[in-house]
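As a plain string of letters, each chain reads:
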2 protein chains.
Amino acid sequence: MNLWYTEQHSPSVRFSIKVEEQLYSGASEFQKIDILQTTEFGKILTLDGLIMLTEKDEFIYHDMITHVAMATNPKIKKVLVIGAGDGGTVRELTKYETIEQIDMVEIDKLVVDVCKEYLPQTASKLTDPRVNLYYEDGLKFVRNKENDYDLVIVDSTDPFGPGEGLFTKEFYGNCYKALKEDGILVNQHESPFYAEDALSMKRAHQRIKGFFPICNVYQVHIPTYPSGHWLFGFASKKFNPIQDLDAAAWNELGLKTKYYNTAIHVGSFALPNYVKEQLEDAK
Amino acid sequence: MNLWYTEQHSPSVRFSIKVEEQLYSGASEFQKIDILQTTEFGKILTLDGLIMLTEKDEFIYHDMITHVAMATNPKIKKVLVIGAGDGGTVRELTKYETIEQIDMVEIDKLVVDVCKEYLPQTASKLTDPRVNLYYEDGLKFVRNKENDYDLVIVDSTDPFGPGEGLFTKEFYGNCYKALKEDGILVNQHESPFYAEDALSMKRAHQRIKGFFPICNVYQVHIPTYPSGHWLFGFASKKFNPIQDLDAAAWNELGLKTKYYNTAIHVGSFALPNYVKEQLEDAK
């Protein structure tokens, strides 16, 4: 059986993966959901035909969306996670005994149900007693929150379809309001390389800058995302992700991570000139 | 015309680019050489069906294979470049007025001729009066050199076909001998992500470590190479690429670079845990 999954990374670039078997295919009111078994990447979750995660490289995304903020402010106790239906972000957060409460708001219950069944690698910690799962629109959920969270993580899909609202000015403004005065916002920040992704990236940066006095971008290598060059945003009312990093304290926790370490924490904020220029353009 | 170039990044991963036109196709005694015109990446050079460079992202590779060493030791005067038939590495080196001599040894004259005709973006500085072009086997060329160069750059193809010899113990030993006592070796170091590339990467590191007291690896984002996560090796008899970086001095030169800057110089040596473990395994 010569079955291939193909994703369009730009109008004239395709990325294809050999598939052993389509394990699940379904649709919610929000999107199409598929689970594929592959040789190279293990199981893959796609939403509307775009890779969200693979078992082989999800550790990169999930390490970097959580540990950078947690190492910058080890006193984080209450976290809001928006999106992240696969559970990977929550899995990393539950490694911190100091976290007391994780509110996770995922618009699509079917994504969570499917991941619980097919992707225990990421979803198994969703049953942690500190986790409250809300199947709601993150955009609406955060509207009613004020001075409530130490950390908000926006683990969204791309800025079209169900994820669109999570890239708006209104949403970032409400995230700002939902955070305590020393709060941190981390968001999935698209990529600088292909034109359409770069446009989303610049727009997100511009909007976040409108609210947060400290607003940085850091980069990671995610081989199964378009171009492999992916960005996260770090915005804060108070914390500087480099100056406030207490590397010794984080290392003392003894957490096992496959990508993150305190050196790459610092290193990932050093961006190529062409990315810096795009971000400066976004002023 | 629906024409696509496809490259196999691993036995079950394919990367495809829409092609407007095949501008050149030929073969030397060493390899097949093709130039393709594409919309997304401009012109592309492939050797034996593998992408060597694209006009869109070659700046990343060429910035990072040259400026890290040059910023670490601004006194570099005499450079040996092995491979690099497209001319991009030489183009970056010729930006330094302080460099007096560049010996470039490319086994395949046809690559240089084709690049001069189709890829002036990279090849145009091969006529710089400081450049001596040798169409020879780099492996043999370096055998007769002793205490001669401040910098050796190995800008090779993958470790099979014509590039195979440039990953051997004998070759690295001869590079060591060819370098002055404060010499630096920079090499194309493959990738940590797909199994076959990672094996080459570990082997190269192990072999280089056998000769050089200082032996580091740094990473870059090259979207058109397998996984987009690529490595270079920095080995030296004397210089530490972080401690000996004089950022102020390099910035004073006022060179224009699209990827490299002195912050990413430092940042790129911070490696993910899974890559560090691979390199430690290679001991």
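Just so it is clear, the model here is predicted, and its values are computed rather than measured. (Residues numbered from 1 in each chain as written. Chains lettered and ligands numbered in written order. Predicted model: local features only at pLDDT ≥ 70, side-chain atom pairs only at ≥ 80, totals over all residues. Heavy atoms only, no water.)

Trainee: Quick question: what am I supposed to make of the overall build of chain A here?
Mentor: When helices and strands are counted, chain A shows ten helices and twelve strands. With respect to the three principal axes, the spread of C-alpha positions in chain A is 55 × 45 × 35 Å. Buried positions account for 63% of the 283 residues belonging to chain A. Residue pairs at least 24 apart in sequence account for 66% of intrachain contacts in chain A once pairs closer than 6 positions are excluded. Counting every atom, chain A has about 10600 Å² of accessible surface; 48% of that belongs to carbon and sulfur. The average position of the 30 basic charges and that of the 41 acidic charges among the side chains of chain A differ by 3 Å. (Helix = DSSP H or I, 4+ residues; strand = E, 2+ residues; numbered from the N terminus. Buried < 20%, exposed > 50% of the residue type's maximum accessible area, 1.4 Å probe, protein only. Contact = heavy atoms within 4.5 Å. Areas by Shrake-Rupley, 256 points an atom, 1.4 Å probe, with all protein chains shown as cover. Lys, Arg positive; Asp, Glu negative; His and termini not counted. Charge placed at Lys NZ, Arg CZ, Asp CG, Glu CD.)

Trainee: Even after reading the chapter, I still don't get the UniProt feature "binding site: S-methyl-5'-thioadenosine" (unreviewed entry) in chain A, so can you show me in this structure?
Mentor: Residue and element names in this part refer to chain A. UniProt's entry tags Gln-31, Glu-106, Asp-137, Gly-138 and Pro-162 with the feature "binding site: S-methyl-5'-thioadenosine" (unreviewed entry), counted in the numbering of this structure. Relative to the assigned elements, Glu-106 resides in the loop between β7 (101–105) and α3 (109–118). The contacts of Glu-106, once residues within four sequence positions are left out, are Gly-83, Ala-84, Gly-85, Val-111, Val-112, Tyr-134, Tyr-135 and Glu-136. Here Asp-137 shows up in the loop between β8 (131–134) and α5 (138–141). Those residues within four positions of Asp-137 in sequence are excluded, and the remaining contacts are Val-105 and Ile-107. Among the polar contacts made by the side chain of Asp-137, one reaches the main-chain amide nitrogen of Leu-139 at a distance of 3.0 Å. (UniProt positions renumbered as here; feature names shortened; annotations may be inferred. Polar contact = N/O pair within 3.5 Å; in protein donor to acceptor, adjacent residues only side chain to side chain.)

Trainee: Looking at this structure, I do not really get the side chain of Gln-219 of chain A. What am I missing?
Mentor: With respect to the element layout, Gln-219 of chain A can be found in strand β11 (residues 214–221). Residues contacting Gln-219 of chain A, with those up to four places away along its chain left out, are His-229, Trp-230, Leu-231, Ser-268, Ala-270, Leu-271 and Pro-272 of chain A together with His-221 and Ile-264 of chain B.

Trainee: In this structure, what is going on with the interface of chain B and chain A? I would like to understand it.
Mentor: Each partner contributes residues to the interface: chain B has 40 residues there, and chain A has 40 residues. Here chain B and chain A share an interface that buries about 3400 Å² over both sides, 61% of which is from carbon and sulfur atoms. Broken down residue by residue, the surface that chain B buries against chain A is led by Ser-12, Phe-193 and His-221 of chain B, which jointly contribute 20%. In this assembly, chain B and chain A are joined by zero salt bridges. (Buried area = accessible area lost by both parts, 1.4 Å probe. Salt bridge = Lys/Arg side-chain N within 4 Å of Asp/Glu carboxyl O.)

Trainee: What am I meant to see in the relation of the copies chain B and chain A here?
Mentor: Superposing chain B onto chain A requires a rotation of 180° together with a translation of 0.0 Å along the rotation axis, leaving an RMSD of 0.0 Å. The superposition operator between the copies reduces to a two-fold rotation axis. Within chain B, Gly-267 of chain B has its C-alpha nearest the rotation axis, a separation of 1.8 Å. Comparing interface residues between copies, 100% of those in chain B also lie at the interface in chain A; the contact surface is shared. (Least-squares fit on C-alpha atoms with pLDDT ≥ 70 in both.)

Trainee: Mind showing me how you'd approach the domain arrangement of chain A here?
Mentor: Residue and element names in this part refer to chain A. Here the domain parsing of chain A yields domain 1 (3–54) and domain 2 (58–281). In this structure, domain 1 and domain 2 have C-alpha centres spaced 23 Å apart. Taken together, the 23 residues of domain 1 in the interface contact 23 residues of domain 2. Taken as a group, His-9, Phe-30 and Leu-53 account for 27% of the area that domain 1 buries against domain 2, more than any other trio of residues on that side. The tally of links between domain 1 and domain 2 comes to zero salt bridges. For the interface between domain 1 and domain 2, the tally reads six residue pairs in polar contact (both at pLDDT 80 or more). (Domains from an automatic or database assignment.)

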